[in-house]
Amino acid sequence: MTNSPANATSAQRPETPFCIVVLSGPSGSGKTTIVSRLEAESPVPLVKSVSATTRAPRKHEVDGQDYYFLAPEEFEQRRARGEFLEYAEVFRTGCWYGTLKSELDRARKQSAWALLEIDVEGAQNVMQQYPDALTIFLTTPSVDEFERRLRARGTEEEHVIQRRLETARRELEFANRYQHQVVNDNLDRAIAEIKSIFDNKLRECCEHA
Ligand code: ADP
Ligand code: 5GP
């Protein structure tokens, strides 16, 4: 094993250079599942950005943990004050989602990378502002598999599932704008691939730091 920053122990490792990681992928591609595993297993300290949204919380969701659930008026006020790094109306439902700039500061303070799990529109916006961001598009082996997983998850009603499948088809057209496309066929394999992408990016960041 070489003594590179990526495989140094935490005691030896110099402060991690800051990096924004953008993870997108259609609903049902496994983003939430993979992010929670990465929070525990990432080779780099990682802080998941908590997005703001105007959509209603689901049963198990906790304000400030899963999302900052904002009334549309508050979302608009904060948008007008320039508090968002990016924002988008996702799924064309009238629900807004956005990344607060303060989430990047929260990650920086912890010497961690900021992980943004955001849609393709928000991702384009971040890529323009931060060309050095690490961008990953997650997908499944087929569109039928999105549908199967969405239904198996059982958190959406039929009309919502249909809209998300339409969105998935549109989102797939953006996949090649990301630096990496990872197929979530097998969960452990996909996570190993992302961890290796992180290792390579960390090495690259440290070489240029
Ligand atoms: P997203 O956040 O992208 O909408 P989720 O993480 O909620 O997706 O995953 C959708 C469903 O698919 C969940 O029920 C999850 O347990 C399941 N899932 C995730 N990865 C895999 C995989 N590799 N194989 C089979 N099912 C998976
Ligand atoms: P949910 O299933 O939580 O209602 O919706 C998740 C969708 O909204 C996903 O496609 C996710 O990538 C997107 N999303 C979540 N947070 C943000 C955000 O802060 N900005 C943008 N642009 N999209 C987001």
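Please read all numbers here as calculations on a predicted model, not as lab measurements.

Analysis parameters
Residues numbered from 1 in each chain as written. Chains lettered and ligands numbered in written order. Predicted model: local features only at pLDDT ≥ 70, side-chain atom pairs only at ≥ 80, totals over all residues. Heavy atoms only, no water. Helix = DSSP H or I, 4+ residues; strand = E, 2+ residues; numbered from the N terminus. Rg over C-alpha atoms; globule rule 2.2 N^0.38 Å. Buried < 20%, exposed > 50% of the residue type's maximum accessible area, 1.4 Å probe, protein only. Areas by Shrake-Rupley, 256 points an atom, 1.4 Å probe, with all protein chains shown as cover. Lys, Arg positive; Asp, Glu negative; His and termini not counted. Charge placed at Lys NZ, Arg CZ, Asp CG, Glu CD. Polar contact = N/O pair within 3.5 Å; in protein donor to acceptor, adjacent residues only side chain to side chain. Contact = heavy atoms within 4.5 Å. Pairing = 2+ DSSP bridges. Axes fitted to C-alpha atoms, helices over the stretch in contact; angles between N-to-C directions. Salt bridge = Lys/Arg side-chain N within 4 Å of Asp/Glu carboxyl O. Arc of directions from axis to C-beta. Near = heavy atom within 4 Å. Nonpolar A, V, L, I, M, F, W, Y, C, P; charged D, E, K, R; others polar. pLDDT = per-residue confidence, 0-100. Left-handed = near helix turned anticlockwise from the far one by under 90°.

Regarding the overall build of the protein
Within the protein, the regular secondary structure consists of seven helices and nine strands. Its C-alpha radius of gyration of 17 Å places the protein within 12% of the 17 Å reference for a compact globule of 209 residues. C-alpha atoms of the protein, sized along the principal axes, occupy 55 × 40 × 30 Å. Taking all 209 residues of the protein together, the buried fraction comes to 46%. With an accessible surface of roughly 10,900 Å², the protein has 47% of that area assigned to carbon and sulfur atoms. For the protein, the centre of its 28 positive side-chain charges and the centre of its 33 negative side-chain charges are spaced 1 Å apart.

With respect to the side chain of Arg78
Its location among the elements puts Arg78 in helix H2 (residues 72–80). A distance of 2.8 Å separates the side chain of Arg78 from the side chain of Glu83, its partner in a polar contact. Apart from the residues within four sequence positions on either side, Arg78 is in contact with Leu70, Glu83, Phe84 and Leu100.

Some words on the sheet that holds strand E1 (residues 20–24)
Across the sheet, five strands lie side by side as E2-E7-E1-E8-E9; this open sheet has parallel pairing. The two strands at the open ends of the sheet, each matched to only one other strand, are strand E2 (46–48) and strand E9 (180–183). Each neighbouring strand pair of the sheet contributes to a mean axis angle of 25°, computed without reference to strand direction. Against the sheet, helix H7 (residues 187–208) contacts E1, E2, strand E7 (113–117), strand E8 (134–139) and E9, and its axis sits at roughly 160° relative to E9.

Some thoughts on the pattern of salt bridges
Under the defined criterion, the tally for this structure stands at 21 salt bridges. The closest approach of N and O atoms between Glu156 and Arg58, which form a salt bridge, is 3.0 Å. Of this pair, Glu156 sits in the loop between helix H5 (143–153) and helix H6 (158–172) while Arg58 sits in the loop between strand E3 (52–53) and strand E4 (68–69), and the two are 98 residues apart along the sequence. Relative accessible area serves as the criterion here: at 12%, Glu156 is assigned to the buried category. We note a salt bridge from Glu156 to Arg153, for which the minimum N-O separation is 3.0 Å. Overall, the relative accessible area of 38% leaves Arg153 in the partly exposed class. Each of Arg55, Arg58, Glu61, Arg153, Glu156 and Arg164 takes part in salt bridges that share partners, so that together they form one network.

Thoughts on the pairing of strand E5 (residues 84–89)
Here E5 runs beside strand E6 (residues 96–100); their pairing, made up of five bridges, is antiparallel. By the bridge assignment, Phe84 is partnered in E6 with Leu100. Where E5 folds back on E6, the antiparallel hairpin that results is connected by six residues, among which Phe91 adopts a positive phi of roughly 65°.

What about H5?
Among the residues of H5, Glu145, Phe146 and Leu150 are the ones counted as buried. For H5, the angular spread of buried residues about the axis comes to 135°, placing them on one side. Residues of H5 that are exposed and angled more than 90 degrees away from the buried face: Asp144 and Ala152. Among the residues trailing H5, Gly154 stands out with phi positive, at a value near 65°.

What to know about the site of ligand 1
Of all residues adjacent to ligand 1, which total 14 residues, the nearest are Gly28, Thr32, Thr33, Arg153 and Asn184. A distance of 3.3 Å separates an oxygen atom of ligand 1 from a polar atom in the backbone of Ser29. When contributions to the shell around ligand 1 are tallied by element, the ones reaching two or more residues are helix H1 (31–41) and H5. A breakdown of the residues in the shell around ligand 1 according to their chemical character gives two nonpolar, eight polar and four charged.

Topic: the confidence of the model for the protein
Taken over all residues, the pLDDT of the protein has a mean of 90, while the share at 70 or more is 93%. In this model, residues 1–12 is a region of pLDDT below 50 whose contacts with residues beyond four sequence positions or in other chains number 13 contacts.

Digging into the packing of H5 against H6
The geometry of H5 relative to H6 is characterised by a closest axis approach of 11 Å and an angle of 150° between their N-to-C directions. Crossing of H5 against H6: the hand is right-handed. Contacts between H5 and H6 involve Val143, Phe146, Glu147, Leu150, Arg151 and Arg153 from the former and Glu158, Ile161, Gln162, Arg164, Leu165, Ala168, Arg169 and Leu172 from the latter.

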